[in-house]
Amino acid sequence: MRTPRNGNWSWSVSALVALCLSTTVFTGVSQVAASPTPLRSSSSESRAPLLLGAAWYPEQWPEARWEPDLQLMESAGIHFVRVGEFAWSTMEPAEGEYKFDWLERAIALAAKHHIQVVLGTPTAAPPAWLTQKYPETLRINEDGRPDEHGNRQQFNWSDPKYRELAHDIASRMAECFGHNPNVIGWQIDNEYAEESYGPDDRQRFQQWLKSRYGTLDALNARWTTAYWSQTYTDWNQIPIETGYGNPGLLLNWKLFVSDTWRSYQKNQIDAIRSHADTRQFITTNMMGWFSGYDHYTVSPELDLAAWDDYVGEGHLDPVRNGAAHDLTRGFLGKSFWVMETQPGFVNWAKVNNTLNKGEVRAMAWHDLGHGADAVSYWQWRSALNGQEEYHGTLVGADGTPTPLYAEVAQLGREFAKAGPVLAGTSVHSEVAILHSYESRWAINWQRHNSDYDPVKELLSYYGPLRDYAQSIDVVSPDAPLSQYKLVVAPALNVIPEETAQKLIAYVRGGGHLVLGDRSGMKDADNALWPQRQPGPLADLLGGRVEQYYALEAPVEVLGNFGQPASMRAKQYANLWAEQLSVKAPDTEVLLRYAKSNGWLDGQPAAITRRVGKGRITYIGASLDSKAMAAAANWMVRTSGVTRALGPVPASIDVYPRSGGDRLVYILVNFGKKTETVDLPSEMTDILHDSKVRRLTLQQYDVAVLQTAARH
Ligand code: GLA
């Protein structure tokens, strides 16, 4: 029996043996050993509450090397390895010839070192024999040429033959490892990204459009194809456009892409689920702000959301990165995993500088603070050859620790200490920011001001709001909203009728909805709402956008959201300004433009209206940081939002996590200066086993504080 390092789990290593002993299995009648009764049926009992991991590629190393690596991982407190996600040519070296014995032995050896395994399906890297025999499985680039071997992600996500082969390899893996007690979960594929633009893909897109619209008349009407004589009289005439095209066509292609990733993923989920214990979770590794597909479409069939969190060049920006964590947490509305993160530096940025000493640890705590339950480093060790030789690792080419190893080992000790306290806790926020892929795509296709970036716009709200509330959810407009005191929708450009009705109900139910500029301009087909902005919400607002202006230079805005005169500083609209009008007698003006292009002079820039106990506000300008700070302060005050912990110095990030009767605050100092924090009450400092009322935190210092939950 193994001794639990953390938590109360225990199981027998000998149980690992004999699950998939057939080392070579030929296609046709499955000769994989019949699966024994599952050893456990519930999912979390065997996992440490906070997990530290690494991406490990045993197929790249002689077996004699495995044990020293696993030994070093164990000493660092690493709980799990992710294995297999690019190993198809090792698992199936020739068609129908399956070799899983090496993986079986790697998993067993990991178990011996108390390291659990997340298995990746290897479909992001099909073997050369496969695409040689089935060339139709190669994706077609936008220039019409098939992708080739030499890199990865060369497969076509919509091709039926590729689906069949992907289903097969995922099933074979699940038959072998679906009951393996040391396998805790699955990652499907790796970072879905590349689409395919071949004639078959186009046909599938056309079929998809047919089932969405039913008739060409409906499609033509919704896309206004009379424009430029685009009227379609045959489904086969409809092209694929990705950059400049009819906005309805562009949006539908992305919706098709998203649905196709969903079915691509479901194909493998089904394969795994037919063989695996339900305790084994299924996830995939997403990519933060990446907008290649709608993650809200793809996520619901997963058990767990996960993402790959890379800083790249420079240093951690806790606002941008924190919002990406909150975004990922919003995919399933619960704690998530950081499936990959950089051990110091990457190899793909312009300058691949390293994170400072202490920054990797601070970043890991920032991850946990935003609701991650696992942080896993990519990668353990660089292959001796391969595209990523320069990437940061935890051991060097000689197999001994890099300087960063000790910092990660410190995290291993800290995760073990804080795990029981953070177990079962997650992030609960009073404020939600709405994020929509449709809106981001719609704006990015027609930015109108090339510097206007919808993610930056979202972050301009997120940063100051987080300073006040200390916790924010980033969710889809389709998520439940009634639990939030404040819902903010920056640049929610596409608001379909159904979403509008939901937002109206939220306001009527007593919530405060703040719409940012460019909101409510488009409908579900990326067509203009005829009411002008904010479309179906204009009546509730009692006002609307008369005209929008891309700004050549900042325009001063006047009014200060009720802040005392002493706090007033000059404030500006940047990049974008909308001239608002007030239609209802009870709609108030919060902000006006100073003199600028004549059209905007003296006109409303932000308006608000009370609706029963609720409120709707429209901010028609992209505000600079001073104006946004005042706006955020006003938003939280009018909505009754409270700070999770209390005031702290600006460079200290506060992350509350709660669950049951436990409330835990993680604090990290990302500033250069040492700072002092006075706590509202005495708390238990978990990492130092002491009671504290006042804390001193140097740069990258971390505190994990437990207190009784608020009621
Ligand atoms: C991605 C991939 C990994 C690796 C890293 C390098 O996240 O998933 O396989 O290439 O980037 O940073």
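Basis of the calculations
- Residues numbered from 1 in each chain as written.
- Predicted model: local features only at pLDDT ≥ 70, side-chain atom pairs only at ≥ 80, totals over all residues.
- Heavy atoms only, no water.
- Near = heavy atom within 4 Å.
- Polar contact = N/O pair within 3.5 Å; in protein donor to acceptor, adjacent residues only side chain to side chain.
- Areas by Shrake-Rupley, 256 points an atom, 1.4 Å probe, with all protein chains shown as cover.
- Nonpolar A, V, L, I, M, F, W, Y, C, P; charged D, E, K, R; others polar.
- Domains from an automatic or database assignment.
- Contact = heavy atoms within 4.5 Å.
- Buried area = accessible area lost by both parts, 1.4 Å probe.
- Salt bridge = Lys/Arg side-chain N within 4 Å of Asp/Glu carboxyl O.
- Buried < 20%, exposed > 50% of the residue type's maximum accessible area, 1.4 Å probe, protein only.
- Helix = DSSP H or I, 4+ residues; strand = E, 2+ residues; numbered from the N terminus.
- Pairing = 2+ DSSP bridges.
- Phe/Tyr/Trp six-rings, centres within 6.5 Å; stacked < 30°, edge-to-face > 60°.
- Lys NZ or Arg CZ within 6 Å of the ring centre and 35° of its normal.
- Core = buried A, V, L, I, M, F, W, Y, C linked by side-chain atoms within 4.5 Å.
- Right-handed = clockwise from strand over helix to strand, strands pointing away.

Asker: Honestly, the site of the ligand in this entry has me stumped. Any pointers?
Answerer: Around the ligand, a shell composed of F86, R152, N190, E191, D308, Y310, E340, W348, W378, E388 and H391 is seen. Contact distances for the ligand include 2.8 Å between an oxygen atom and a side-chain N or O atom of W348. Note that an oxygen atom of the ligand is positioned 2.3 Å from one of the side-chain N or O atoms of E388. In the complex, 96% of the free accessible area of the ligand, which totals 310 Å², lies under the protein chains. Here the residues of the shell around the ligand sort into 4 nonpolar, 2 polar and 5 charged.

Asker: What should I look at first to understand the domain arrangement of the protein in this one?
Answerer: It is common to report an interface's size as the accessible area lost on association of the parts. Domain parsing of the protein yields domain 1 (38-197 + 260-418), domain 2 (199-239), domain 3 (431-639) and domain 4 (652-708). Look at where the C-alpha atoms of domain 2 and domain 3 centre, and you get two points 34 Å apart. Contacts between the two partners involve 4 residues from domain 2 and, on the opposite side, 4 residues from domain 3. Of the roughly 290 Å² buried at the junction of domain 2 and domain 3 (both faces included), carbon and sulfur atoms supply 20%. At the boundary of domain 2 with domain 3, the tally comes to 2 salt bridges. Where R222 meets D525, a salt bridge forms, and the shortest distance between an N and an O atom there is 2.7 Å.

Asker: It is not clear to me how the pairing of strand β17 (residues 555-558) should be interpreted in this structure. Could you clarify?
Answerer: Residues in a regular strand project their side chains so that they alternate between the two faces of the sheet. The alternating pattern of β17 places V555 and V557 on a buried face and E556 and L558 on a face that is not buried. As paired elements, β17 and strand β18 (residues 571-582) share 3 bridges and run antiparallel to each other. Within the sheet, the bridge partner assigned to E556 lies in β18 and is Y572. Bridge count for β17 against strand β19 (residues 587-593) is 2 bridges, and the pairing is antiparallel. From the neighbouring strand, V557 faces β19, where its bridge partner is Y593.

Asker: Hey, could you run me through the packing of aromatic side chains in this one?
Answerer: For any two aromatic rings, the description comes down to two numbers: the centre-to-centre distance and the angle of the planes. Counting across every chain of the model gives 39 aromatic pairs. Taking the centre distance of 4.9 Å and the plane angle of 65° together, the rings of F281 and W337 count as edge-to-face. One end of the pair, F281, is in strand β7 (residues 281-283); the other, W337, is in strand β10 (residues 336-341), and 56 residues separate them in sequence. W337 carries the same exposure label as F281, and that label is buried. Seen from the ring of W61, R381 lies directly overhead, with NZ or CZ sitting 3.9 Å from the centre. In this arrangement the basic side chain of R518 is found over the ring face of W576, its NZ or CZ atom lying 3.8 Å from the centre.

Asker: What's the story with the pattern of salt bridges in this structure? I'm lost.
Answerer: A full pass over the atoms with the stated rule returns 36 salt bridges. In this structure, D101 engages R105 in a salt bridge whose closest nitrogen and oxygen atoms are separated by 3.2 Å. Residue D101 and its partner R105 are located together in helix α3 (residues 101-112), separated by 4 residues, close to a single helical turn. Looking at R105, the relative accessible area reads 37%, which means it is partly exposed. The partner of D168 in a salt bridge is R172, with the nearest N and O atoms 3.3 Å apart. Placement of both D168 and R172 in helix α5 (residues 160-177) is noted, with a separation of 4 residues, approximately one turn of the helix. Its relative accessible area of 21% is what places D168 among the partly exposed residues.

Asker: Would you explain the nonpolar core in this entry?
Answerer: Soluble globular proteins: nonpolar side chains tend toward being buried together. Membership of the largest hydrophobic core comes to 160 residues, with the highest contact counts inside it found for L103, W186, I238, W365, W380, L465 and M635. Residues in contact with W365, not counting those within four places in the same chain, are L411, E414, F415, A418, L422, Y655, I666, V668, L687, V702 and V704. Of all hydrophobic cores here, the second largest spans 26 residues; its members include A432, Y506, L537 and L541.

Asker: Quick question: what am I supposed to make of the sheet that holds strand β8 (residues 285-286) here?
Answerer: As a general point, the strands of a sheet are linked pairwise by backbone hydrogen bonds and lie either parallel or antiparallel. Strand order in this open sheet of 9 strands is β7-β6-β5-β3-β2-β11-β10-β9-β8, and the pairing throughout is parallel. The sheet terminates laterally at β7 and β8, the two strands that pair on one side only. Strand direction decides the pairing type here: strand β9 (residues 306-309) and β10, joined by 4 bridges, are parallel. The residue bridging D308 from the neighbouring strand is E340, located in β10.

Asker: Explain the pairing of strand β3 (residues 80-83) to me, please; I cannot follow it from the model alone.
Answerer: Side-chain alternation along β3 places F80 and R82 on one buried face and V81 and V83 on a second face that is also buried. Two strands pair when backbone bridges link them, and strand β2 (residues 51-55) and β3 are joined in this way by 3 bridges, in the parallel orientation. Following the sheet pairing, A55 is matched in β3 by R82. After leaving β2, the chain enters helix α1 (residues 66-76) and then returns to the sheet as β3, a path that is right-handed. Judged from the 4 bridges that link them, β3 and strand β5 (residues 116-120) form a sheet pairing that is parallel. Bridge pairing in β5 links V83 to L119.

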